[in-house]
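Each chain is listed here by its residues.
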Amino acid sequence: MILNYEEINDLNRYKIMSGTIVPRPIAWIVTEDNGVLNAAPFSYFIPISTNPALVIVAIGKKDDGSPKDSLANILKSKKATICFPNKDNYEEVQKCATQLCKSESEIEKYEIEVQKELDDYPPMISSTQTALFCEYFDTYKIDGDTTPVILKINYQYIEDDRINERNHTKIESLGRVGITFKAMVEI
């Protein structure tokens with residue numbers, strides 16, 4: 001079967017792509033605006049370069065067509081902290097996928113513990129094993145409802161026991177497989 005993407009509507013194209021390109025890492029992005037912390041999960045997220053250290057995340061729009069708070073906050077503050085959820089905090093990640101108004105914080109509403117590691121960046125989720133402290137690098141203009149945002153990694157937090165002397169990491173991240181989250185495990 002050959003699927004012609006020009007003949008498939010956006011929702012069904014998303015379902016096909018997200019069910020095929022698996023697993024996709026989850027970026028739990030923390031941003032801030034006027035003291036309101038936003039924490040939102042994104043599964044269209046991936047590294048694109050190591051020099052410079054860049055990641056790209058595709059950020060859609062709210063149901064009303066306005067920019068998602070994460071995008072508005074990144075474009076305004078030029079900073080974001082990407083946390084990597086694990087099996088111990090996946091329920092909070094799912095709750096954070098619920099759209100709230102801009103003045104509401106997922107961190108406060110769902111009582112998610114955060115910690116401030118670097119003064120110039122939003123705090124990280126305390127239960128994360130690793131987090132990337134990023135600054136805005138660029139956006140790529142495309143037709144449609146998604147804005148690909150490129151972020152430059154300036155710093156990384158990682159739990160001491162999760163990296164060895166050869167810089168190999170052992171992170172228990174979540175990935176997106178279709179509509180469900182899966183723990184990334186060794187085979």
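One numbering rule holds for all chains: residues counted from 1, following each sequence as written. Where totals are concerned, whole chains, interfaces and linings use all residues; where local detail is concerned, this predicted model gives features only for residues with pLDDT of at least 70, and gives and counts side-chain atom pairs only at 80 or more. Values shown for side chains rest on all heavy atoms present in the structure; no hydrogens or waters enter the calculation.

Taking an unreviewed UniProt entry as the reference, the protein is identified by name as Flavin reductase (DIM6/NTAB) family protein belonging to Arcobacter porcinus. UniProt positions are given in the numbering used here, feature names are shortened, and annotations may be inferred rather than shown by experiment. For the record of the protein, the UniProt heading Cofactor (unreviewed entry) holds the text "FMN". Per UniProt, the comment on the protein under Sequence similarities (unreviewed entry) is "Belongs to the flavoredoxin family."

All right, on to the overall build of the protein then. Here a helix means four or more residues in a row that DSSP labels H or I, a strand means two or more in a row labelled E, and each is numbered from the N terminus. Secondary structure assignment for the protein yields 4 helices and 12 strands. Restricting the calculation to C-alpha atoms gives the radius of gyration, and the globule rule supplies 2.2 Å times the number of residues raised to the power 0.38. By the compact-globule yardstick of 16 Å for 187 residues, the protein fits well, its C-alpha radius of gyration being 16 Å. Viewed in the frame of its principal axes, the protein has a C-alpha envelope of about 50 × 45 × 35 Å. Counting over 187 residues, the protein shows a buried share of 39%. Within the protein, contacts between residues at least 6 apart in sequence are counted, and of these 60% link residues at least 24 apart. Within the protein, one finds 21 positive and 29 negative side-chain charges whose respective centroids are separated by 3 Å. For every residue, the accessible area obtained with a 1.4 Å probe (protein chains only) is divided by the maximum for its type, and the residue is called buried under 20%, exposed over 50%, and partly exposed between those limits. We call two residues contacting when some pair of their heavy atoms lies within 4.5 Å. When charges are counted, Lys and Arg are positive and Asp and Glu negative, with His and the chain ends excluded. By convention, the charge on Lys lies at NZ, on Arg at CZ, on Asp at CG and on Glu at CD.

Once that is clear, we can look at the sheet that holds strand β4 (residues 45-50). Where strands meet in a sheet, backbone hydrogen bonds hold them as pairs that are either parallel or antiparallel. In spatial order, the strands read β3-β2-β6-β9-β10-β5-β4; together these 7 strands make up an open sheet with antiparallel pairing. The sheet is open, and its two edges are formed by β3 (36-42) and β4, each paired on a single side. Across the sheet, the axes of successive neighbouring strands diverge by a mean angle of 35°, strand direction being ignored. Here, any two strands with at least 2 DSSP bridges between them count as paired. Alignment of strand β5 (residues 53-59) against strand β10 (residues 147-158), held across 6 bridges, turns out to be antiparallel. Looking at β10, one finds that A58 is bridged to P148. Each axis is a line fitted through C-alpha atoms, taken for helices only over the stretch in contact, and angles between the N-to-C directions span 0 to 180 degrees. Contacting β2 (27-33), β3, β5, β6 (79-83), β9 (130-139) and β10, helix α2 (residues 69-77) crosses the sheet at an angle of about 60° to β2.

Our focus in this paragraph is the pairing of β10. Note: β9 against β10, 9 bridges, orientation antiparallel. Considered in β10, the bridge of Y136 is made with L151.

Below, the discussion takes up the layout of surface pockets. Here a cavity denotes grid points, spaced 1 Å and computed from the protein atoms alone, that fit a 1.4 Å probe unable to get out, and a pocket denotes an open set having protein on both sides within 12 Å along at least 5 of 7 lines; residues with an atom within 4 Å of a point are the lining. Grid points are joined across faces, edges and corners, and a volume is the space filled by probe spheres set on the points. By volume, the largest pocket is sized at about 1,500 Å³. Lining the largest pocket are 44 residues, and of these Y14, A58, I59, G60 and T146 sit closest to its centre. Those elements that provide at least two residues to the lining of the largest pocket are α1 (10-20), β1 (24-25), β3, β4, β5 and α2. Per-element tally for the lining of the largest pocket: the top contributor is α1, with 5 residues. Classes in brief: Ala, Val, Leu, Ile, Met, Phe, Trp, Tyr, Cys and Pro nonpolar; Asp, Glu, Lys and Arg charged; the others, Gly included, polar. Grouping the constituent residues of the lining of the largest pocket by class yields 23 nonpolar, 9 polar and 12 charged. Estimates place the volume of the second largest pocket at around 270 Å³.

A separate point is empty space enclosed by the protein. Summed over all chains, the structure comprises 1 cavity of 30 Å³ or more. Approximately 30 Å³ is the volume attributed to the largest cavity. In this structure, the largest cavity is lined by D33, V36, N38, D69, N73, K102 and E104. Secondary-structure elements contributing two or more residues to the lining of the largest cavity are β3 and α2. For the lining of the largest cavity, the residue count by class is 1 nonpolar, 2 polar and 4 charged.

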